Structures are given as C-alpha cells and as structure tokens.
Amino acid sequence: MSAEFHRCPLCATVLEIHTGIWKRLWPFGVRETTCRSCRHTVAIRDARVMGQSFAYWAAELRQHLLNAVKKLPNLPREEALNAMSRGLTNEQTRNIATSESLAHFVVQMCRPIIADQAHGRTAHVEVMILEERGKPVAVGVLGKTSAESGDKDTELLLARIGTDQYLVHLPLKLLGRVQEAQRAQRGEKALRG
Ligand SMILES: [Zn+2]
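The following refers to the structure shown.

Calculation criteria
Along each chain, numbering runs from 1 in the same order as the chain's sequence is written. Per-residue local features of the predicted model are confined to residues with pLDDT of at least 70, and side-chain atom pairs are confined, for both listing and counting, to 80 or more; whole-chain, interface and lining totals are unaffected and use all residues. The criterion for strand pairing is that DSSP finds at least two bridges linking the strands in question. Numbering goes from the N terminus for both helices and strands, where a helix is a DSSP run of H or I of at least four residues and a strand is a run of E of at least two. Comment: axis = line fitted to C-alpha atoms, over the contacting stretch for helices; angle = value between 0 and 180 degrees taken between N-to-C directions. Each residue gets a C-beta atom placed from its backbone, and two residues are in contact if those atoms lie within 7 Å. By the definition adopted for this analysis, an angle is roughly parallel if under 35 degrees, roughly antiparallel if over 145, roughly perpendicular if from 65 to 115, and oblique otherwise. Crossing chirality is assigned from the near helix's rotation relative to the far helix, an anticlockwise turn below a right angle marking it left-handed and a clockwise turn marking it right-handed. All amino acids are sorted into three groups, where Ala, Val, Leu, Ile, Met, Phe, Trp, Tyr, Cys and Pro are nonpolar, Asp, Glu, Lys and Arg are charged, and the leftover types, Gly among them, are polar. Linking buried Ala, Val, Leu, Ile, Met, Phe, Trp, Tyr and Cys residues through C-beta atoms within 7 Å yields a set, and such a set is a nonpolar core. With C-beta atoms placed from the backbone, a residue counts as buried when 20 or more other C-beta atoms lie within 10 Å of its own, as exposed when 12 or fewer do, and as partly exposed for counts between those limits. An arc is given here, and it is the one of the directions from the helix axis to the C-beta atoms.

So, the sheet that holds strand S7 (residues 165–169)
Step number 1: Reading across the sheet, the five strands line up as S3-S7-S6-S5-S4 and stay open at both edges, with antiparallel pairing between neighbours. Where the open sheet ends on each side, the last strands, each with one partner, are strand S3 (93–97) and strand S4 (124–132). The sheet shows a mean angle of 25 degrees between the axes of neighbouring strands, direction not considered.
Step number 2: Across six bridges, strand S5 (residues 135–144) lies against strand S6 (residues 153–162) in antiparallel orientation. Opposite Gly140, over in S6, you have Leu157 as the bridge partner.
Step number 3: Lying over the sheet, helix H2 (residues 44–70) contacts S4, S5 and S6, oriented at roughly 5 degrees with respect to S4.

Notes on the packing of H2 against helix H4 (residues 99–109)
Step number 1: Where H2 contacts H4, the axes come no closer than 10 Å and their chain directions differ by 135 degrees. Between H2 and H4, the interaxial angle falls into the category oblique. Our pair here, H2 against H4, has a crossing hand that is right-handed. Taken together, the residues of H4 that come into contact with H2 (itself represented by Ala58, Leu61, Arg62, Leu65, Leu66 and Val69) are Ser99, Leu102, Ala103, Val106 and Val107.
Step number 2: Taken together, the residues of the contact of H2 with H4 sort by class into nine nonpolar, one polar and one charged.

Describing the nonpolar core
Step number 1: Among the nonpolar cores identified, the biggest contains 44 residues, and Val106, Ile114, Leu158 and Ala159 are the most heavily contacted of them.
Step number 2: If one sorts the elements of this core by residue count, H2 sits on top with seven residues.
Step number 3: The residues touching Ile114, leaving out its near neighbours within four places in the chain, are Phe54, Trp57, Ala58, Leu61 and Val107.

Section: the pairing of S4
Step number 1: By the bridge criterion, nine bridges tie S4 to S5 in an arrangement that is antiparallel. When the bridges of S5 are listed, Val125 appears paired with Gly143.
Step number 2: In sequence, S4 turns back onto S5 through a hairpin of two residues, with Arg133 there showing a positive phi of about 50 degrees.

Remarks on helix H3 (residues 77–84)
Step number 1: Restricting attention to buried positions, one finds in H3 the residues Ala80, Leu81, Ala83 and Met84. Projected down its long axis, H3 shows its buried positions confined to an angular sector of 160 degrees, all on one face.
Step number 2: The inward-facing, buried residues of H3 abut S3, S4, S5, S6 and S7.

Quick notes on the packing of H2 against helix H5 (residues 111–118)
Step number 1: Interhelical geometry of H2 versus H5 gives an angle of 125 degrees and a closest axis separation of 8 Å. Between H2 and H5, the angle falls in the class oblique. Once H2 is placed against H5, the crossing between them reads as right-handed. Only Ile114, Ala115, Gln117 and Ala118 of H5 make contact with H2, whose side of the interface consists of Met50, Ser53, Phe54, Trp57, Ala58 and Leu61.
Step number 2: For the contact of H2 with H5, the class distribution of residues is eight nonpolar, two polar and no charged.

Note that all results are geometric; they support no functional claim without further evidence.
Written out as structure tokens, the structure reads:
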C-alpha cells in the first residue's frame with residue numbers, strides 16, 4: 001500500500017513507465033509519457049514527484065483510519081446500521097472484509113482529495129469516531145476537494161460487524177454525521193473547560 005508509483009500530475013492515475021528498453025536505446029531515458037486516463041503528456045520527473053506526494057497523503061489517511069477503526073466495537077448488523085445513520089438499510093451499505101481492504105477502499109474514494117493535497121492545494125479529509133453515550137460506535141470520514149477541483153464533498157460512514165468485517169455507507173448527499181460529532185466534542189470541551 002505504501003508503494004510509490006509514478007502518477008499523472010493532473011489526474012493522479014498510476015502510470016506504467018517502461019524505461020528498461022528505452023534506456024538501452026536512448027541513454028538519456030524517456031522523459032515524457034502520455035496518461036492513459038486524461039491523455040495529457042506528462043514529464044516523468046513530475047509523475048515521480050506526484051507519485052511520492054500522493055503516497056505520503058494516502059498513508060496519512062490510511063493511518064488515521066486504521067487507528068480509528070481499532071477503537072470500534074463489534075456490533076450486530078442492525079446496531080451497526082443505526083450507528084452509521086438511523087434507519088439505514090442493508091442494501092445501502094457494502095460489506096468489506098479486512099481493515100486493509102477498508103483502508104484501500106477509503107483511499108480510492110478520497111482520491112481527488114489526496115490528489116489535491118499532493119498538489120499542495122487546500123483540500124482536507126478528516127476521520128472522526130462517532131459516539132453514542134460516550135462510547136465509540138462508528139467512524140465517519142469527511143473530506144472536501146480544493147476550490148480548484150470544485151469543492152466536492154465526500155462522506156463515508158463505517159462500522160464493524162465482525163473481528164475484521166466492516167459495513168460501509170456512502171451517503172448520496174451529506175448527512176453531516178462528522179460535523180455533528182465535531183460539534184458534540186466542542187460542546188463537551190466547552191462544558192469541561
Ligand atoms: Zn492523467
């Protein structure tokens with residue numbers, strides 16, 4: 001997962017660069033390639049920098065997510081659904097086995113945000129533990145791309161239903177579960193403070 005790839009600086013697609021043969025034919029090496037996704041010509045040097053930067057931000061998100069998920073209790077399916085959002089049905093979620101696959105899925109869903117971060121733009125993604133009566137029940141991920149990328153929101157909710165089994169919900173529109181949790185935490189701090 002932490003492997004660094006060459007990535008297109010424009011769309012963050014992984015680029016396959018076959019430098020072996022070309023190096024032999026042309027000692028200066030290949031300097032440019034075409035992204036198969038956005039069809040732009042990109043400099044290999046830029047693709048390497050993008051790949052490294054993307055890997056850094058993806059690893060950050062992955063780590064935050066895995067740390068949060070570790071704190072989740074093992075819930076019966078019905079409770080897990082309600083912990084993510086009241087009245088949520090099974091059909092609105094997907095099952096993911098293993099926290100590794102879960103982290104991979106979340107990184108994929110947050111790819112435009114990570115690409116923005118890799119470009120040094122103002123984009124952010126937050127991982128929050130959602131609590132009920134002071135106990136962790138679910139995890140919320142909330143992110144926003146930069147203004148340059150259209151201020152697009154991504155929200156994901158997840159809960160644990162087995163030792164290493166998870167339910168994930170991608171709401172069609174923002175539920176605001178993460179903001180809710182943030183407000184609750186701020187409120188608690190204000191009360192304590
Ligand atoms: Zn591209």
